[in-house]
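Residues per chain are reported as follows:
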Amino acid sequence: MKVAEAKEQVLEIAQKAYREKLMAGTSGNISLYLHEENKVVITPSSIDYLQMTVEDISVITLEGEILEGPHQPSSEWPMHTEIYKEFQESYALVHTHSPYATAFAVCGEEIPEILIEMKPFIGGDIKVAPFAPAGSVELGKVTAPYLKERKACLLANHGTMSIGKDLSSAYISSIYLEDAAKIYAFAKSVGKPIVLSSERGE
Ligand SMILES: [Zn+2]
């Protein structure tokens, strides 16, 4: 994939995620790593998603050197690059502060496998990666192991992270994560949610 095409995809998914209310204000960030070129195409810092254009998208190396873009890259770029370093392949990341999922992240509470979509789109239940400060390399280091087991996880007291071989698949994981969190929250207020298990043949 060319950088120009990657920038268009990053912009498209970022605006879609904003419209879906997965992020408020300028929070959240989206990136795509082109392994062969050692280029991370990532949303810029503090730019209104609906005003954002392809020219605003940043391109950095895995080491954080700015290659393209008029703005600073997202302040959370070290989390993205640290995760990509663990995978050593082209991948995409979608980081949101989607409200229902983040509520569980704030409580440090895992979301069990309660819906059939969770297996194909997330890989099973949703775990909470330990807290590390926003924008830190450490946040990437503590999150990466969770993304090796699942396509998405919660970041304690912060938000969500989803990974995919391409941006559409990382994005759809973040949508199903928020959906599962919302339904689990409703289910807990209605009664006692039943977790899917192998005994039930599910
Ligand atoms: Zn964040």
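This is a predicted model, so every value here is computed, not measured. (Residues numbered from 1 in each chain as written. Predicted model: local features only at pLDDT ≥ 70, side-chain atom pairs only at ≥ 80, totals over all residues. Heavy atoms only, no water.)

**Q** Which residues make up the packing of helix α3 (residues 99–107) against helix α6 (residues 167–190), and what are the values?
**A** One can describe the packing of α3 onto α6 by two numbers: an axis separation of 7 Å at closest approach and a directional angle of 70°. With respect to each other, α3 and α6 are oriented roughly perpendicular. Here α3 runs over α6; the crossing is left-handed. Mapping the contact onto sequence places P99, Y100, A101 and F104 in α3 and L177, E178, A181, K182, Y184, A185, F186 and K188 in α6. (Axes fitted to C-alpha atoms, helices over the stretch in contact; angles between N-to-C directions. Helix = DSSP H or I, 4+ residues; strand = E, 2+ residues; numbered from the N terminus. Parallel < 35°, antiparallel > 145°, perpendicular 65-115°, else oblique. Left-handed = near helix turned anticlockwise from the far one by under 90°. Contact = heavy atoms within 4.5 Å.)

**Q** Please set out the coordination of the zinc ion residue by residue, giving values where relevant.
**A** Every protein donor of the zinc ion is listed here as E76 (OE), E76 (OE), H95 (NE2), H97 (NE2) and H158 (NE2), and their distances to the metal cover 2.1 to 2.7 Å. All donors of the zinc ion come from a single chain, and their spacing in sequence reads E-x18-H-x1-H-x60-H. Relative accessible area serves as the criterion here: at 0%, H95 is assigned to the buried category. Judged by its relative accessible area of 27%, H97 is partly exposed. (Donors = N, O, S within 2.8 Å, 3.2 Å for Na, K, Ca; no water. Buried < 20%, exposed > 50% of the residue type's maximum accessible area, 1.4 Å probe, protein only.)

**Q** Describe the pairing of strand β7 (residues 152–155), listing the residues and the values that go with them.
**A** Note: strand β6 (residues 128–129) against β7, two bridges, orientation parallel. By the bridge assignment for β7, V128 is matched with L154. Handedness of the crossover joining β6 and β7 through helix α5 (residues 137–149) is recorded here as right-handed. Note that β7 and strand β8 (residues 159–164) share four bridges and pair antiparallel. If you follow L155 over to β8, its bridge partner there is G159. In this antiparallel pair of consecutive strands, β7 and β8, the connection spans three residues, and N157 shows a positive phi of 50°. (Pairing = 2+ DSSP bridges. Right-handed = clockwise from strand over helix to strand, strands pointing away.)

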